[in-house]
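This is what each chain is made of:
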Amino acid sequence: MTHAEQGFSRSLWSATAEPAPPTTPLASRQSADVVIIGAGFTGLSAALHLAEAGKSVIVVEARDIGWGGAGRNGGQVNPGFEALPSGLRARFGAERGERIARFADGACDLVFDLIARHDIKCAHRRAPFIRGAYGNRGLRQINSWVEEWQAFGAPVTLKSAAETEHLLGSPFFQGGMEDARGGSLQPLSYVRGLARTALAAGAAIHTDSAALSVERVALDWQVSTENDAQVTAPCLLVATNGYTDNLWPGLRRHIVPVASLQSATEPLSEDLRARILPYGHHVSETRRAMVYFRIDENGRFQIGGRGSPFDPTRQYADTNHIRAEAVRLYPALKDVRWQYDWGGLVAITKTRLPHLIELGDNAFAGLGYNGRGVAMATAMGKQMAELLLGEDVPVPRTKGAPFVFHAFRNIGIAWHMLSGRLLDRFDG
Ligand SMILES: Cc1cc2nc3c(=O)[nH]c(=O)nc-3n(C[C@H](O)[C@H](O)[C@H](O)COP(=O)(O)OP(=O)(O)OC[C@H]3O[C@@H](n4cnc5c(N)ncnc54)[C@H](O)[C@@H]3O)c2cc1C
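Position numbers for residues count from 1 along each chain, tracking the sequence in the order it is written. Per-residue local features of the predicted model are confined to residues with pLDDT of at least 70, and side-chain atom pairs are confined, for both listing and counting, to 80 or more; whole-chain, interface and lining totals are unaffected and use all residues. Hydrogen atoms and water are omitted, and side-chain values are computed over all heavy atoms in the structure.

1. Some points on helix α12 (residues 373–388)
Here comes step 1: For helices the rule is a DSSP run of H or I covering at least 4 residues; for strands it is a run of E covering at least 2, with both sets numbered from the N terminus onward. Helices are assigned an expected span. That span is 1.5 Å times one less than the residue count. Relative to the 22 Å expected for 16 residues at 1.5 Å per residue, α12 spans 21 Å between its end C-alpha atoms, a close match to the ideal helical length.
Here comes step 2: The rule is simple: take the accessible area with a 1.4 Å probe, protein chains only, and divide by the maximum for that residue type; under 20% is buried, over 50% is exposed, in between is partly exposed. Within α12, 15 of the 16 residues are buried, leaving the element largely enclosed by the surrounding structure.
Here comes step 3: Within two residues after α12, Gly390 carries a phi angle of roughly 95 degrees, on the positive side.

Rendered as structure tokens:
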């Protein structure tokens, strides 16, 4: 088994998810209104919204539903992007910037609305998100975020060190931002639920059907898979995010894939559950070498963080450094047994914003969620559907923003990780 396969099959999510709906490989030549490549949040949200609007849709997926980041992530439903409303207005102009900020602001609501509307079983919980502030740099960041998002009307509050300790059950952070827009869920169950819902709305999904080539034939896009099977459609959506391969020339250069690894304990005792994250928050933080953590629906402590600086795309690897962080945060976890390890690829962009790239006539790629794709990819998929339906959508379509030294990306990642860890030491 490859490390990419281990990173999926050994996860807590693979062990506990709702079953996937039955699907088969593409085995013939078919046509549709829209062909979508990739069955993660982006592709399936697009498929669902298009099918609901009466379009015929065929999704081709190289492996299984949710085999990419969708089935491997931390299950944290986080609002927005890293960019603040003022940064978006400065970059895109007042009106467009405001629309993009509203789009980001509403992304979590979209996820929980879809779950409610389609009765998707995915252990979802709408408990707030906390971003812990580490050191003075972290406190400055948190202050400006709270100020901006409050002015925007978002339900965020600044927490003192004592309040943060009370909410998290750990004195590790010097303050925090509580954000009531967020929540959490079982991500593999959620993406499988999206697939089931898209199928019910009339979309077709073919697994074990890697797109091997895309060609323009007259006014159509022709996507070919193995065994001479293909889909021909006037509209094409590429939704492959961190798992983008060489299918569309140059698309990979718009993102840098970086592994994030995770570990989960056995279910905690009642005593530990009462002391660790007692109010059910899910958490990330301001350090450059950050970790993110929460308690799952079965009472397991689950934490994620960086992979290896020397092998930055390895999706299943030693997680001792992440477990050590868990014990730094919560010394009471010292003797707890760790039960699951897994990981996957996050797609980082140069602008730290997702890209909606215009590939050609009625052909788009949506990708680059910078580790925040549960809500954003769901929202991007909906927006891509709306774009094909002729609507004016918030996120502007661009030609993308490729990394210039993409071939040397792993050296850059290693430098970023190692220097980030070093700089974090001076912040504490
Ligand atoms: C370890 C980890 C933790 C994360 N934690 C969080 C979190 O807590 N909260 C959050 O918001 N985000 C998190 N993320 C990010 C989030 O998972 C992603 O942003 C999200 O999955 C993107 O969804 P997507 O549908 O665009 O891409 P993916 O879910 O990656 O799906 C892309 C699909 O495309 C398929 N594919 C690729 N090439 C082809 C081809 N040629 N033909 C057919 N199919 C193809 C792949 O097999 C894959 O299934 C995390 C990611 C990882 C890896």
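2. Observations regarding the sheet that holds strand β9 (residues 204–206)
Here comes step 1: Criterion used throughout: strands pair if DSSP finds at least two bridges between them. The sheet built from seven strands is open, its strands ordered β9-β3-β2-β13-β20-β19-β21 with mixed pairing. Each of the sheet's edge strands pairs with one partner strand only, and the pair in question is β9 and β21 (397–398).
Here comes step 2: Relative to strand β3 (residues 57–60), strand β2 (residues 34–37) runs parallel, the two sharing four bridges. For Val34, the partnering residue across the bridge sits in β3 and is Val57.
Here comes step 3: Any two residues having at least one pair of non-hydrogen atoms within 4.5 Å are treated as being in contact. Whenever a helix is involved, its axis is fitted only over the stretch in contact; in every case the axis is a line through C-alpha atoms, and angles between N-to-C directions fall within 0 to 180 degrees. Contacting β2, β3, β9, β13 (235–238) and β20 (363–367), helix α3 (residues 41–52) runs over the sheet at an angle of about 160 degrees to β2.

3. Focus: the nonpolar core
Here comes step 1: Buried residues of nine kinds, namely Ala, Val, Leu, Ile, Met, Phe, Trp, Tyr and Cys, make up a nonpolar core once their side-chain atoms join them within 4.5 Å. Formed by 76 residues in total, the largest nonpolar core has its most connected members in Ile36, Tyr190 and Leu237.
Here comes step 2: Not counting residues within four places of it along the chain, the set of residues in contact with Ile36 comprises Gly43, Ala46, Ala47, Leu50, Val57, Ile58, Val59, Val60 and Leu237.
Here comes step 3: By size, the runner-up hydrophobic cluster in this structure holds 25 residues, among which are Val223, Val231, Ala233 and Leu251.

4. Here's the deal with the sheet that holds strand β11 (residues 220–224)
Here comes step 1: Spatially, β1-β12-β11-β10 is the arrangement adopted by the four strands of the open sheet, whose pairing is mixed. Among the strands making up the open sheet, the edge pair consists of β1 (29–31) and β10 (213–217). Taking the axes of each pair of neighbouring strands and ignoring which way they run, one obtains an average angle of 20 degrees across the sheet.
Here comes step 2: Where β10 and β11 come together, five bridges link them in antiparallel fashion. Across the sheet, the residue bridging to Ser213 is Ser224, located in β11.

5. Topic: unusual backbone geometry
Here comes step 1: Although it is not a glycine, Asn227 adopts a positive phi angle of roughly 55 degrees.
Here comes step 2: Relative to the helices and strands, Asn227 resides in the loop between β11 and β12 (230–233).
Here comes step 3: We note that Asp228 has phi near 65 degrees; this positive angle belongs to a residue other than glycine.
Here comes step 4: Positionally, Asp228 belongs in the loop between β11 and β12.

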